[in-house]
Amino acid sequence: MDAFLSSLVSVAFHGVAYGMILYVISVGLSVTMGLMGFTNLAHGVFAMAGGYILVSSLANAVPFPIALAMSFLIVAAASVVLERLLYSRLYGAAELEQVLFTIGLIFMSVAVARLIFGTLQQPVILPDYLKGQFSLLGRDFPAYRVFLILFSSAMIAGLWFGVERTIWGAMVRAAVDNRPMAQSVGINTKRLFSITFAVGSGLAGLGGALGAEIVAIQPTYPFEQLVYFLIVVSVGGLGSLRGPFVAALLIGITDTACKYWVPQFGAFFIYVATIGLLLWRPAGLFGKRT
């Protein structure tokens, strides 16, 4: 019994840590898809870029906090350029054209990553203070996973405050609810789109950096993790903050439990549960019903 309880605590702990990373990466995709109506399958490219920025910075003796900040800022800045030069040209295009365009970006990013970093997984050189174990209630937990949960929780709280308690957040919610009405009252949706896209992409880069120790950073990252990001968004609901958070925790814990107790089934149960849930609620747990 003690062994089962110990494994249950371990699965829940590691599942929450993984779920936090999924949420930080996926929430930007949920908001931008809900706000812009753009099917951006290349969202994982920004997460991969953030991971590569982190591991490259740490390998060159850049302090960990600065490397994290660079992962957010560089990815956010690059996303503004991509949004203005490429994405904005397809806002009114059909979904098939958007899908083909973003899949093409993934192939290009995979090729560039292989050319620059090779095909092998990139090692993460953590600072000494994030190595080892952290004792809590008589149990030892990996220090870095504890940091992930605490840091991600603070960041999520800040994001929720920004969306729920600031003018920018009010404009984002207004544009998500009714874009034509938001434009009619003077909201510059073009600029709002650029800022929101940059924040969402920057969060993906930061999430990819934070999760580099959990999810391997390698050139095929955008393809391998794409389905998980889409599941978080579809199960949680487009344009929602609460929905993807619940979905990310459920998926993180379920995926960890499946890999721990029934590894031969892989992610089978996650896919089955996703199909069943979307048949029951096609708009997701907290999405708007049409």
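Residues numbered from 1 in each chain as written. Predicted model: local features only at pLDDT ≥ 70, side-chain atom pairs only at ≥ 80, totals over all residues. Heavy atoms only, no water.

Chemist: Account for the overall build of the protein chain, with residues named and values stated.
Modeler: Along the backbone of the protein chain there are 11 helices and 2 strands. Seen in sequence order, the protein chain has helices and strands lined up from the N terminus as α-α-α-α-β-β-α-α-α-α-α-α-α. Over its C-alpha trace the protein chain gives a radius of gyration of 19 Å, about what one expects of a compact globule, namely 19 Å for 290 residues. Taking the principal axes of the C-alpha coordinates as reference, the protein chain spans close to 60 × 45 × 35 Å. The proportion of buried residues among the 290 residues of the protein chain is 48%. Taking the contacts inside the protein chain whose residues are at least 6 apart along the sequence as the reference set, 76% of them involve residues at least 24 apart. Of the roughly 14,100 Å² of accessible surface on the protein chain, a fraction of 69% belongs to carbon and sulfur atoms. Averaging the locations of the 16 positively and 11 negatively charged side chains of the protein chain gives two centres separated by 9 Å. (Helix = DSSP H or I, 4+ residues; strand = E, 2+ residues; numbered from the N terminus. Rg over C-alpha atoms; globule rule 2.2 N^0.38 Å. Buried < 20%, exposed > 50% of the residue type's maximum accessible area, 1.4 Å probe, protein only. Contact = heavy atoms within 4.5 Å. Areas by Shrake-Rupley, 256 points an atom, 1.4 Å probe, with all protein chains shown as cover. Lys, Arg positive; Asp, Glu negative; His and termini not counted. Charge placed at Lys NZ, Arg CZ, Asp CG, Glu CD.)

Chemist: Please provide a residue-by-residue account of the packing of helix α9 (residues 221-236) against helix α11 (residues 268-280), values included.
Modeler: For the pair α9 and α11, the least separation of the axes is 11 Å and the interaxial angle reads 30°. Taken together, the axis directions place α9 and α11 in an arrangement best described as roughly parallel. Here α9 and α11 pass one another in a crossing that is left-handed. Only I270, Y271, T274, L277 and L278 of α11 make contact with α9, whose side of the interface consists of V227, Y228, I231, S234 and V235. Looking at the contact of α9 with α11 residue by residue, the class counts come to 8 nonpolar, 2 polar and no charged. (Axes fitted to C-alpha atoms, helices over the stretch in contact; angles between N-to-C directions. Parallel < 35°, antiparallel > 145°, perpendicular 65-115°, else oblique. Left-handed = near helix turned anticlockwise from the far one by under 90°. Nonpolar A, V, L, I, M, F, W, Y, C, P; charged D, E, K, R; others polar.)

Chemist: Could you give an account of the pattern of salt bridges, with specific residues and numbers?
Modeler: A complete count under the given rule lists 4 salt bridges for this structure. Between R84 and E83 there is a salt bridge, with its nearest N and O atoms 2.7 Å apart. Taking the relative accessible area as the measure of exposure, R84 reaches 29% and is therefore partly exposed. The salt bridge involving E213 is made with R145; its shortest N-O contact spans 3.3 Å. Residue E213 is found in the loop between α8 (189-210) and α9, and its partner R145 is found in helix α5 (residues 143-165); the two are separated by 68 residues along the sequence. Classification of E213 by relative accessible area gives partly exposed; the value is 33%. Its relative accessible area of 15% is what places R145 among the buried residues. (Salt bridge = Lys/Arg side-chain N within 4 Å of Asp/Glu carboxyl O.)

Chemist: Describe the nonpolar core, listing the residues and the values that go with them.
Modeler: Ranked by internal contacts, the top residues of the largest apolar core, which has 72 residues, are L22, Y23, L54, F64, Y87, L210 and Y221. Element by element, the count of residues in this core is highest for helix α1 (residues 2-36), at 13 residues. In contact with F64, not counting residues within four places along its chain, are L54, L58, L126, P127, Y129, L130, Y144 and F147. If you look at the next biggest cluster of nonpolar residues, it comprises 5 residues, including F13, F141, V146 and I149. (Core = buried A, V, L, I, M, F, W, Y, C linked by side-chain atoms within 4.5 Å.)

Chemist: An account of α9 is needed here, citing residue identities and associated values.
Modeler: Taking 1.5 Å per residue as the helical rise, α9 with its 16 residues ought to reach 22 Å, and the 22 Å between its terminal C-alpha atoms agrees with that figure. Listed as buried for α9 are Y221, P222, Q225, L226, Y228, F229, I231, V232, V233, V235 and G236. Just downstream of α9, G237 is the residue with a positive phi angle, here 110°. (Expected span 1.5 Å × (residues − 1).)

Chemist: So what's going on with the side chain of S201? Which residues, and what values?
Modeler: Examined against the element boundaries, S201 turns out to sit in helix α8. The class of S201 is buried, set by a relative accessible area of 2%. Within the local environment of S201, its side chain forms a polar contact with the backbone oxygen of F197, the two atoms lying 2.8 Å apart. Beyond its immediate sequence surroundings of up to four residues, S201 is in contact with F46, V75 and S79. (Polar contact = N/O pair within 3.5 Å; in protein donor to acceptor, adjacent residues only side chain to side chain.)

Chemist: Residues and numbers for the packing of aromatic side chains, please.
Modeler: Applying the stated criterion to the full structure yields 20 aromatic pairs. Ring centres 5.9 Å apart and planes at 80° place the aromatic pair F38 and Y91 in the edge-to-face group. With F38 in the loop between α1 and α2 (43-59) and Y91 in the loop between α3 (64-85) and α4 (95-117), the pair connects residues that are 53 residues apart, well separated along the chain. Geometrically, the ring pair formed by W160 and F245 is edge-to-face, given 5.5 Å between the ring centres and 75° between the ring planes. In this pair, W160 is assigned in helix α5 and F245 in helix α10 (residues 242-261), connecting sequence segments 85 residues apart. Judged by relative accessible area, W160 falls into the partly exposed class, the value being 30%. Aromatic rings pair up to connect F38, F46, Y87, Y91, F101, F193 and F197 into one cluster. The lysine or arginine in question, R281, covers the ring of W280, its NZ or CZ lying 5.5 Å from the ring centre. (Phe/Tyr/Trp six-rings, centres within 6.5 Å; stacked < 30°, edge-to-face > 60°. Lys NZ or Arg CZ within 6 Å of the ring centre and 35° of its normal.)

Read these as layout, nothing more, since geometry by itself doesn't imply function.
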